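This is what each chain is made of:
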Amino acid sequence: MEYKNPLGVDIDLETGVIPGAKKLVRRLGDLKGYFVDEKAYEELLKENPVVYEVYAIEQEEKDGDLNFATTVLYPGKVGKEFFFTKGHYHSKADRAEIYYGIKGKGGMLLQTPEGKAEWIEMRPGTVVYVPPYWAHRTVNTGDEPFIFLAIYPADAGHDYGSIKEKGFSKLVIEENGEVRVVDNPKWKE
Ligand SMILES: O=P(O)(O)OC[C@H]1O[C@](O)(CO)[C@@H](O)[C@@H]1O
Ligand SMILES: [Fe+2]
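An unreviewed UniProt entry lists the chain under the name Glucose-6-phosphate isomerase, with Thermococcus camini given as the organism. Quoted verbatim from the Subunit (unreviewed entry) heading of the UniProt record, the comment on the chain is "Homodimer." You can read under Pathway (unreviewed entry) in the UniProt record for the chain the words "Carbohydrate degradation; glycolysis; D-glyceraldehyde 3-phosphate and glycerone phosphate from D-glucose: step 2/4."

A. Up close: the coordination of the iron ion (ligand 2). Looking at the metal site, the iron ion (ligand 2) is ligated by His88 (NE2), His90 (NE2), Glu97 (OE) and His136 (NE2), spaced 2.0 to 2.3 Å from it. In the primary structure, the donors to the iron ion (ligand 2) are separated according to the pattern H-x1-H-x6-E-x38-H. Note that His90 is positioned in the loop between β5 (81–82) and β6 (97–103) and His136 in strand β10 (residues 135–140), a separation of 46 residues in sequence. Look at His90 and you get buried, because its relative accessible area is 5%.

B. How the structure looks around the sheet that holds strand β2 (residues 50–57). Spatially, the 6 strands line up as an open sheet ordered β1-β2-β3-β11-β6-β9, and their pairing is antiparallel. The strands lining the two open edges of the sheet, one partner per strand, are β1 (22–27) and β9 (127–130). Direction aside, neighbouring strands of the sheet carry axes that sit 20° apart on average. Bridging between strand β3 (residues 66–73) and strand β11 (residues 146–153) involves 8 bridges; their strand directions are antiparallel. For Val72, the partnering residue across the bridge sits in β11 and is Ile147.

C. Geometry of the sheet that holds strand β8 (residues 117–122). Spatially, the 3 strands line up as an open sheet ordered β8-β7-β10, and their pairing is antiparallel. Where the open sheet ends on each side, the last strands, each with one partner, are β8 and β10. Here the average twist between neighbouring strands, direction ignored, is 20°.

D. Examining the layout of surface pockets more closely. Taken as a whole, the largest pocket encloses approximately 390 Å³ of empty space. Leu24, Val54, His88, His158 and Tyr160 are the residues nearest the centre of the largest pocket, which is lined by 26 residues in total. Contributing elements (two or more residues each) for the lining of the largest pocket: β1, β2, β3, β6, β10 and β11. Considered class by class, the residues forming the lining of the largest pocket number 10 nonpolar, 9 polar and 7 charged. The calculated volume of the second largest pocket comes to roughly 260 Å³. Lining the second largest pocket are 21 residues; nearest its centre among them are Gly33, Tyr34, Phe35, Val36 and Lys186. At the level of secondary structure, the elements contributing two or more residues to the lining of the second largest pocket comprise α1 (38–45) and α2 (161–166).

E. Inspection of the pairing of β8 at higher detail. Relative to β8, strand β7 (residues 106–111) runs antiparallel, the two sharing 6 bridges. Residue pairing for β8: Gly107 is matched across the bridge by Glu121. Counted along the chain from β7 to the antiparallel partner β8, the turn is 5 residues long, and its residue Gly115 has a positive phi close to 95°.

Quick notes on the rules
- Residues numbered from 1 in each chain as written.
- Chains lettered and ligands numbered in written order.
- Predicted model: local features only at pLDDT ≥ 70, side-chain atom pairs only at ≥ 80, totals over all residues.
- Heavy atoms only, no water.
- UniProt positions renumbered as here; feature names shortened; annotations may be inferred.
- Donors = N, O, S within 2.8 Å, 3.2 Å for Na, K, Ca; no water.
- Helix = DSSP H or I, 4+ residues; strand = E, 2+ residues; numbered from the N terminus.
- Buried < 20%, exposed > 50% of the residue type's maximum accessible area, 1.4 Å probe, protein only.
- Pairing = 2+ DSSP bridges.
- Axes fitted to C-alpha atoms, helices over the stretch in contact; angles between N-to-C directions.
- 1 Å grid on protein atoms, 1.4 Å probe; cavity = no way out; pocket = protein on both sides within 12 Å on 5 of 7 lines; lining within 4 Å.
- Points joined across faces, edges and corners; volume = space filled by probe spheres on them.
- Nonpolar A, V, L, I, M, F, W, Y, C, P; charged D, E, K, R; others polar.

Here is the structure:
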């Protein structure tokens, strides 16, 4: 039997950086078609800001192993809609996931394949359990970076397809200075 080596790393709780992790950067241009207000999207695209960064320690896609990653989701809006991560189902749809809030303010939108949506607020210390089969997207509703840790099965994979095409049935927007979760007028079942 060949054993893997255990690993301990310290997440920088101010910046979200995991030393030695693989870094992924997603700019607004990588989120074409994701926001409802297309005019506001095109306008902000001139600056093409970084929307989020992911620092991931990933293993081979094998049953039984675990990956973990921090995400630094920057504050911002496209029209009324707060910045968010793409959101995905797992390719192995029955794989669950755990999120842990580290810094800033936001939440998670979850959705079943039938379009039933849930919104869970997250702050430092919040643990969110993502059950099997639920798509998940995080949203920054504050004015500083929203940083969180995700722990997920190494063989879960990411299935972006249906969220990219149809979006979530709910939007998280700012209206009169308040955070509101409203029906998505462009949601297609
Ligand atoms: O993969 P997305 O939807 O762009 O969101 C990024 C975040 O989600 C994860 O894929 C985990 O679900 C992490 O790698 C990262 O925390
Ligand atoms: Fe996931």
